[in-house]
Amino acid sequence: MKVLAICGSPRKGNTYSALHAIRERFPDLDYEIVMLKDIHLGFCKGCYNCVLRGEEKCPIKDDRDLLIQKINSADGLILGSPVYSHMVPALMKNLFDRFGFYAHRPAFVDKYAMSLVTCSGYGGEHASEFMDKSLNIYGFNMAPCLELHFKPGKDRQVQLKEHHQKIFTAVSVLIAQISEGK
């Protein structure tokens, strides 16, 4: 089983640490983390070519199709994002903008996804609701989202240990859904 994690954080902080903890908890899982900050993903121009003429007609030539190939080759997707001002950061929002054509022709009906958000106490429900709704519109079968709270100034590793069981439980549900084809 192959699971792709996409990290929408501009740094390797709490969100990356939570995604990395999955690798430690599930060592037999074929698991890859892609950092959006390391992918060349241009900003959507709003030209609507992708919807009206096909995504191959997008004027932006970047790594979007490479990312789509990675998603297509995986059984499951975990989108990890921090919360900035009650929403996902620009990197993650841009991913959804660039994949907007999937809202018009869902392509991931045989795929499973889960959103993971990290926040310092507020806004997680707004960000995860946005991510879950978008992924579902794109056709993904959704596992319950995972919201993790990290307190600023508190040791990240200590907090991560506190979240280990929540991470294990949430990812186990995703893996079970993929295995059972639900």
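Below is a short write-up of the structure. Please read all numbers here as calculations on a predicted model, not as lab measurements.

About the cut-offs
- Residues numbered from 1 in each chain as written.
- Predicted model: local features only at pLDDT ≥ 70, side-chain atom pairs only at ≥ 80, totals over all residues.
- Heavy atoms only, no water.
- Buried < 20%, exposed > 50% of the residue type's maximum accessible area, 1.4 Å probe, protein only.
- Helix = DSSP H or I, 4+ residues; strand = E, 2+ residues; numbered from the N terminus.
- Pairing = 2+ DSSP bridges.
- Right-handed = clockwise from strand over helix to strand, strands pointing away.
- Salt bridge = Lys/Arg side-chain N within 4 Å of Asp/Glu carboxyl O.

Some thoughts on the pairing of strand β3 (residues 76-82)
Looking along a regular strand, one sees side chains alternate from face to face of the sheet. Among the seven residues in β3, seven count as buried, and that is most of the element. Burial of β3 is two-sided: the residues Gly-76, Ile-78, Gly-80 and Pro-82 facing one way and the residues Leu-77, Leu-79 and Ser-81 facing the other way are all buried. Inspection of the sheet shows strand β1 (residues 2-7) paired to β3 by five bridges, in the parallel sense. Its bridge partner lying in β3, Leu-4 is registered against Leu-77. When β3 meets strand β4 (residues 112-119), the two strands line up parallel, connected through seven bridges. Its bridge partner lying in β4, Ser-81 is registered against Val-117. With respect to chirality, the unit in which β3 leads through helix α4 (residues 90-98) into the neighbouring parallel β4 is right-handed.

Describing the pattern of salt bridges
Summed over the entire model, instances satisfying the criterion amount to seven salt bridges. Of the charged contacts, one joins Asp-38 and Lys-37 as a salt bridge, the two residues approaching to 3.2 Å between their closest N and O atoms. Asp-38 sits in the exposed class, given a relative accessible area of 52%. Here Glu-55 and Arg-105 are joined by a salt bridge, their closest N and O atoms 2.8 Å apart. Highlighted residues: Glu-55 in the loop between α2 (49-52) and α3 (64-73) and Arg-105 in the loop between α4 and β4, separated in sequence by 50 residues. Accessibility expressed as a relative area gives 23% for Glu-55, which makes it partly exposed. Assessed through its relative accessible area of 30%, Arg-105 is described here as partly exposed.

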